[in-house]
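Working through the structure, step by step
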Amino acid sequence: QKAIDNGKKVAFIFNGYSRDKKLIPIRHHKDIVSPYYIVANSGKYYLICNYDKYDNLSHYRLDRISNIELLDTPRKPREQVQGLVGLDVAQYMAEHIYMFDGKSIRARFEMPRYLISDVLDFFKANVDFEDLDKDRVLATVKVNENDMRLWARLYAGQIKITEPKALTALCKQDLADAIALYEG
């Protein structure tokens, strides 16, 4: 928080878990980032920041960060980070339900009416519904593309992504890959 308040960069080791459930470094070097926000999502805290060689936002789970060091280097100006100027953090969080990096898209999917409550739990007020028939609705949501792809896997037997077509193709491939795992 001190780095955010003072507009400074931080360096840290980003970790993952080994099979013996111990945190181990993912890379052999420290990541240096420009921090902007700390947010909570599904009981986990994330640092929203920018990795210098890119112009977009990145997310790091705080519980996987170690050896953090406050640097004297000023962070990258907000104007140089895509989507940061005028960022509505609440809207950003609504679009990033799993905190994946990447662009937000307008996704549409057909679903049974009985899933409306579940869909609202995930997407909050960020979703609109249109009637298709007495049992099905068409949902439209602005969401991070990678987050939507994972969410679609959770409800693969109940929903059908209809737009954008590129996401529909990715979801079909995910299903084919899953079936191949069980057949192989």
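Everything below is about the structure shown above.
Please read these numbers as outputs of a predicted model, since none were measured by experiment.

1. Remarks on the packing of helix 3 (residues 116-123) against helix 4 (residues 145-154)
- It is at 13 Å that the axes of helix 3 and helix 4 come closest, and there the two elements cross at 150°. Judged by the inter-axis angle, helix 3 sits roughly antiparallel to helix 4. Crossing hand, helix 3 versus helix 4: right-handed. Together, Val119, Phe122 and Phe123 of helix 3 and Met148, Trp151 and Leu154 of helix 4 make up the contact between the two elements.

2. Focus on the packing of aromatic side chains
- Enumeration according to the criterion identifies 10 aromatic pairs in this entry.
- For the ring pair Phe122 and Trp151, a centre distance of 5.9 Å and an interplane angle of 75° mean the geometry is edge-to-face. You can see Phe122 sitting in helix 3 and its partner Trp151 sitting in helix 4, a full 29 residues away along the chain.

3. Points about helix 5 (residues 165-183)
- Taking 1.5 Å of rise per residue, the 19 residues of helix 5 would be expected to cover 27 Å, and the 27 Å separating its terminal C-alpha atoms lies within 8% of that figure.
- For helix 5, the elements touching its buried residues are strand 7 (104-112), helix 4 and strand 10 (160-163).

Cut-offs and rules
- Residues numbered from 1 in each chain as written.
- Predicted model: local features only at pLDDT ≥ 70, side-chain atom pairs only at ≥ 80, totals over all residues.
- Heavy atoms only, no water.
- Axes fitted to C-alpha atoms, helices over the stretch in contact; angles between N-to-C directions.
- Helix = DSSP H or I, 4+ residues; strand = E, 2+ residues; numbered from the N terminus.
- Parallel < 35°, antiparallel > 145°, perpendicular 65-115°, else oblique.
- Left-handed = near helix turned anticlockwise from the far one by under 90°.
- Contact = heavy atoms within 4.5 Å.
- Phe/Tyr/Trp six-rings, centres within 6.5 Å; stacked < 30°, edge-to-face > 60°.
- Expected span 1.5 Å × (residues − 1).

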